[in-house]
Amino acid sequence: MILVVKLKMTKTDKLYSMKETCEMTGLTYDALKFYCNEGLIPNVKRNKSNYRVFDENDINWIKSLSCLKNCGMSIVEMKEYLDLCLKGEPSIPERKVILDAKLRELEHKKQEIQDSIDYIHWKQQFYNDVLSGKTKYFSYLIPTENDDK
């Protein structure tokens, strides 16, 4: 599954409740509340009843936070990234460095996962070949007669 965060710079008057925001972003209510309490969603607005409400820009930022979390960023790293984002365009080079490091980590993890998938495919084919009589069974764990000689 590939998550693509479409960046939209919108300014609408529509405000969304916590529940609506959770539905739109895929976050749980507790996770969204945690992000708010940790200061990861700047300038949280409140309605007349003092409930948190979010606009389209907040929704897009929350989706970005989810992506950063999925990239393996800690809360501390997400806060540092947020601080840079709030500095605007001049901080783009610093943000690129952070994202490049995360990208390298993800590429490494991706290769590890691919190696594991390749092993499972190989092992399944080995088992199929043994069961069909195409290959003689062997095990690294069970000694054979030839191992004693």
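(A) The arrangement of the packing of helix α1 (residues 18-25) against helix α2 (residues 29-37) in detail. Remark: α1 packs on α2, axes separated minimally by 9 Å, with the N-to-C direction vectors making an angle of 105 degrees. By the criterion of interaxial angle, the relationship of α1 to α2 is roughly perpendicular. Of the residues in α2, those touching α1 at Met18, Thr21 and Cys22 are Tyr29, Leu32 and Lys33. Of the residues in the contact of α1 with α2, the class split is four nonpolar, one polar and one charged.

(B) The arrangement of unusual backbone geometry in detail. Even without being a glycine, Asn43 presents a positive backbone phi close to 55 degrees. Among the structural elements, Asn43 can be located in the loop between α2 and β1 (45-46). Residue classification places Asn43 among the exposed residues on the basis of a relative accessible area of 64%. Positive phi, close to 70 degrees, is recorded for Asn50, a residue that is not glycine.

(C) View of α1. All buried positions along α1 are accounted for by Met18, Thr21, Cys22 and Thr25. Viewed along the axis of α1, the buried residues span an arc of 100 degrees, placing them on a single side of the element. Facing away from the buried side of α1, by more than 90 degrees, are the exposed residues Lys19 and Glu23. Elements that come into contact with the buried residues of α1 comprise α2, β2 (52-53) and α3 (56-70).

(D) Here's a closer look at the nonpolar core. With 19 residues, the main nonpolar core has Leu32, Tyr35, Ile41, Phe54, Leu65 and Met78 as its most contacted residues. Sorting the residues of this core by element identifies α1, α2, α3 and α4 (75-86) as the ones contributing at least two each. With near-sequence residues (within four places) excluded, Leu32 lies in contact with Met18, Thr21, Cys22, Leu27, Ile41, Phe54 and Ile62.

(E) Inspection of the packing of aromatic side chains at higher detail. Within the structure shown, the criterion is met by seven aromatic pairs. Relative to Phe126, the ring of Trp122 lies with its centre 6.0 Å away and its plane at 15 degrees, an arrangement referred to as stacked. Remark: Phe126 and Trp122 occur in helix α5 (residues 92-131); sequence separation between them is four residues, near one turn of the helix. Judged by relative accessible area, Trp122 falls into the partly exposed class, the value being 41%. Each ring, one from Phe126 and one from Tyr137, has its centre 6.2 Å from the other, and the planes form 35 degrees; the classification is tilted. Placement of Phe126 in helix α5 and of Tyr137 in the segment after α5 is noted, with a sequence separation of 11 residues between them. Using a relative accessible area of 7% as the deciding quantity, one classes Phe126 as buried. An aromatic cluster of three or more residues is present, and its members are Tyr119, Trp122, Phe126, Tyr127, Tyr137, Phe138 and Tyr140.

Thresholds, definitions, all that
Residues numbered from 1 in each chain as written. Predicted model: local features only at pLDDT ≥ 70, side-chain atom pairs only at ≥ 80, totals over all residues. Heavy atoms only, no water. Axes fitted to C-alpha atoms, helices over the stretch in contact; angles between N-to-C directions. Helix = DSSP H or I, 4+ residues; strand = E, 2+ residues; numbered from the N terminus. Parallel < 35°, antiparallel > 145°, perpendicular 65-115°, else oblique. Contact = heavy atoms within 4.5 Å. Nonpolar A, V, L, I, M, F, W, Y, C, P; charged D, E, K, R; others polar. Buried < 20%, exposed > 50% of the residue type's maximum accessible area, 1.4 Å probe, protein only. Arc of directions from axis to C-beta. Core = buried A, V, L, I, M, F, W, Y, C linked by side-chain atoms within 4.5 Å. Phe/Tyr/Trp six-rings, centres within 6.5 Å; stacked < 30°, edge-to-face > 60°.

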